[in-house]
Amino acid sequence: MNIEIIGGYVVIPNDNAISVEKKDVFIKDGVVFYKKPFTNVDKTINAKNKIIFPGLVNAHHHIYSCLSKGIPAEVPFVDFEGTLAKL
């Protein structure tokens, strides 16, 4: 799918700084481009006066939550240490 997002302010993270530029963004088959890599457009999104921000990944995770799925435990859990102790 070819998508163009036009007229927005793009937040561009660099090594130790962040810049904000008014520019158009193009997406072709899930890949983001700043120059239009296609001629036919499937969808246009008007981002005038809006911010286009890169996708974020939440690196915060509680590994014990994944490991504890399906383990029978008494509830309610009172606090964090109690949760771990009951697991």
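Further up the page is the structure itself.
Residues numbered from 1 in each chain as written. Predicted model: local features only at pLDDT ≥ 70, side-chain atom pairs only at ≥ 80, totals over all residues. Heavy atoms only, no water.

### Brief notes about unusual backbone geometry
Okay, so step 1: Even without a glycine there, the phi angle at Asp29 is positive, about 55°.
Okay, so step 2: Inspection of the secondary structure assignment puts Asp29 in the loop between β2 (18–28) and β3 (31–33).
Okay, so step 3: With relative accessibility at 60%, the residue Asp29 sits in the exposed group.
Okay, so step 4: Even without glycine at this site, Asn49 takes up a positive phi of about 65°. (Helix = DSSP H or I, 4+ residues; strand = E, 2+ residues; numbered from the N terminus. Buried < 20%, exposed > 50% of the residue type's maximum accessible area, 1.4 Å probe, protein only.)

### Observations concerning the packing of aromatic side chains
Okay, so step 1: Applying the stated rule across the entire model yields one aromatic pair.
Okay, so step 2: Measuring from centroid to centroid gives 6.2 Å for Phe26 and Phe38, while their planes differ by 80°, and the two rings are edge-to-face. You can see Phe26 sitting in strand β2 and its partner Phe38 sitting in the loop between β3 and β4 (43–46), a full twelve residues away along the chain. For the residue pair Phe26 and Phe38, the accessibility class agrees, reading buried in each case.
Okay, so step 3: Here Lys23 stacks its cationic end above the ring of Tyr34, 4.2 Å away from the centre of that ring. (Phe/Tyr/Trp six-rings, centres within 6.5 Å; stacked < 30°, edge-to-face > 60°. Lys NZ or Arg CZ within 6 Å of the ring centre and 35° of its normal.)

### Quick notes on the layout of surface pockets
Over the atoms a probe the size of a water molecule is rolled, and this reveals where empty space is left.
Okay, so step 1: The calculated volume of the largest pocket comes to roughly 150 Å³.
Okay, so step 2: Val10, Val32, Tyr34, Ile52 and Pro54 are, among the 13 residues lining the largest pocket, the residues nearest its centre.
Okay, so step 3: The biggest single contributor to the lining of the largest pocket is strand β1 (residues 2–13), with five residues.
Okay, so step 4: Among the residues making up the lining of the largest pocket, the classes are represented as twelve nonpolar, one polar and no charged. (1 Å grid on protein atoms, 1.4 Å probe; cavity = no way out; pocket = protein on both sides within 12 Å on 5 of 7 lines; lining within 4 Å. Points joined across faces, edges and corners; volume = space filled by probe spheres on them. Nonpolar A, V, L, I, M, F, W, Y, C, P; charged D, E, K, R; others polar.)

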